[in-house]
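Report on the structure
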Amino acid sequence: MKAASFLYELPEDLNTALQLLNSSDIDVLPLAGGQSLMPMMNFRVSQPDLLVDLNKIDSLKKIDSDSNSIKIGSMVKYSDMEKSDLIKEKIPLINNVIPFVAHSAIRNRGTIGGSIALADPAAEFPSLLVSLDATIELMNIKGTREVKSEDFFTGIFETDRKTNELVTSINIPINKSPKKFGFYEITRRHGDYAMAGAFVTTDGDKKEFSNSRVVLFAVSTKPLRIIDIEVFLNGNLLNDVSVQENAIDIINGYEFEGDLHNDTEAKKTYAKVSLKRALGELNG
Amino acid sequence: MADTRTITVNVNGEVHTNTINVRKNLIDYLRDDLGFTGSHVGCEHGVCGACTLDINGETVRSCLMLAVQADGTAITTIEGLADNGVAGDLKKSFAEKNALQCGYCTPGMLASAIEYINAGGNADKDKIRRHISGNYCRCTGYQAIVEAIYSVAENGGN
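Owing to the predicted nature of the structure, the values given are computational and were not obtained by experimental measurement.

What counts, and at which threshold
Residues numbered from 1 in each chain as written. Chains lettered and ligands numbered in written order. Predicted model: local features only at pLDDT ≥ 70, side-chain atom pairs only at ≥ 80, totals over all residues. Heavy atoms only, no water. Helix = DSSP H or I, 4+ residues; strand = E, 2+ residues; numbered from the N terminus. Polar contact = N/O pair within 3.5 Å; in protein donor to acceptor, adjacent residues only side chain to side chain. Buried < 20%, exposed > 50% of the residue type's maximum accessible area, 1.4 Å probe, protein only. Arc of directions from axis to C-beta. Contact = heavy atoms within 4.5 Å. Core = buried A, V, L, I, M, F, W, Y, C linked by side-chain atoms within 4.5 Å. Domains from an automatic or database assignment. Buried area = accessible area lost by both parts, 1.4 Å probe. Salt bridge = Lys/Arg side-chain N within 4 Å of Asp/Glu carboxyl O. Nonpolar A, V, L, I, M, F, W, Y, C, P; charged D, E, K, R; others polar.

Glancing now at the side chain of Thr59 of chain B. With respect to the element layout, Thr59 of chain B can be found in strand β4 (residues 58–61). Of the polar contacts made by the side chain of Thr59 of chain B, one reaches the side chain of Glu115 of chain B; its length is 2.9 Å.

Listed below in structure tokens is the structure:
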């Protein structure tokens, strides 16, 4: 199918984009990389009156850092992040995950802001950002606010973003030594949306789990942080297999969302396998 | 605000200027307005890879891009692939290894293969498979395609 008719604007500065987004009488959508919005429009799931294309707004395409954090503009593409030495050095987890996000032709267009504003529960980046304790910056014509990534994602394709707001940047805290991390996902085909996946992060300079985060994806309506497992892991040695096994058992107490192809029990099994393999990666 | 827009694109070295409806996908503009029917329309939602082509040196899904977004860019479709260099070697190699049957996926497959070789991709079948994982082929079973890209990679790209 083809998209229904719409009007199109290509603003060159953020302020104009925010003004356009503020129209209350018509249905306005921002267009980032379009790698999910375009198919949704082709299927006519989405039929905006006005599309505000953000691709000419250079101020949203920057990657900056100070001593505490890296700030990634919302219009930074996956392929830009892949090439960034700053990201490679400070948050290697991002570089490790990007090859699993779709395929190169999609990564050449898809943006970090688009992915998180869409909030597909099976996508890598929403959960990745929760595992790194990132903060999402949002703007409307009145000003700026920041939301913790954990609070930003509220359900399937649902976020805390209001229709007149734009995700402008993602701030990720950086530590003196980069966090250790484990990542694993189960997919039908390389690059497809995951059937289940897991992120584990922990302080990089310790042999024990410390400030760990455990986040599962594609098994719930949103990134699923499991604090019970984090509390259990903290203080235990990273390479202790029995600790890993007991951590995985905690998953048995959780309910998961099934989907078209996998029921809740299958999702639980995939979640356990993903977490086991993500934990196994921590010592690599 | 408007639902039409005038764009100028360079396709395979020729400059085209057209006023088009903003809802038109790039692939439909190339095929219907300009006659470059070599690039194929498959799934129209970014999964099959048949419409993959090169814009400013990067592969994109031309079904997931509006034609108006291509304003000012240089596009290379299958019709514009040279007979020498990486593109020529791959075309030859695809023919030699029987890496196509119906040919529907081939324009997109070649775009991805060219990207792989140009990025310095080495003769590693697992990596080649991963790189073309975004391109469906329903005839060959992929073996011959992997072999074709592998043999070009093995010879150092060109």
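Anyway, onward from the coordinates.
This part takes up helix α11 (residues 241–249) of chain A. All names here are of chain A. Taken residue by residue, α11 has Val243, Gln244, Ala247 and Ile248 as its buried positions. Burial along α11 is one-sided: seen end-on, the buried residues are contained in an arc of 135 degrees. The inward-facing, buried residues of α11 abut α10 (227–233) and α12 (264–281).

The next point concerns the nonpolar core. One recurring pattern in soluble globular proteins: nonpolar side chains tend to sit buried together. Residues Ile72, Met81, Ile94, Phe125, Ile170 and Ile172 of chain A are the most contacted members of the largest nonpolar core, which totals 38 residues. The dominant element in this core, judged by the number of residues it contributes, is helix α8 (residues 124–131) of chain A, at 4 residues. Both domain 2 (62–173) and domain 3 (180–281) of chain A contribute no fewer than three residues apiece to this core. In this structure, Ile55, Cys63, Leu66 and Ala67 of chain B belong to the second largest nonpolar core, which totals 34 residues.

Turning our attention to the domain arrangement of chain A. Often, the extent of an interface is quoted as the loss of accessible area on bringing the components together. Residues and elements named next belong to chain A. You can read the domains of chain A as domain 1 (7–53), domain 2 (62–173) and domain 3 (180–281). In this assembly, 11 residues from domain 1 lie in contact with 17 residues from domain 2. Regarding the contact of domain 1 and domain 2, the summed buried area is about 1,200 Å², with carbon and sulfur atoms giving 72% of it. Applying the counting criterion to the domain 1 and domain 2 interface returns 0 salt bridges. Counting residues per element, the side of domain 1 that touches domain 2 draws most heavily on helix α1 (residues 14–21), at 4 residues. Residue composition of the side of domain 1 that touches domain 2, grouped by class: 6 nonpolar, 5 polar and no charged.

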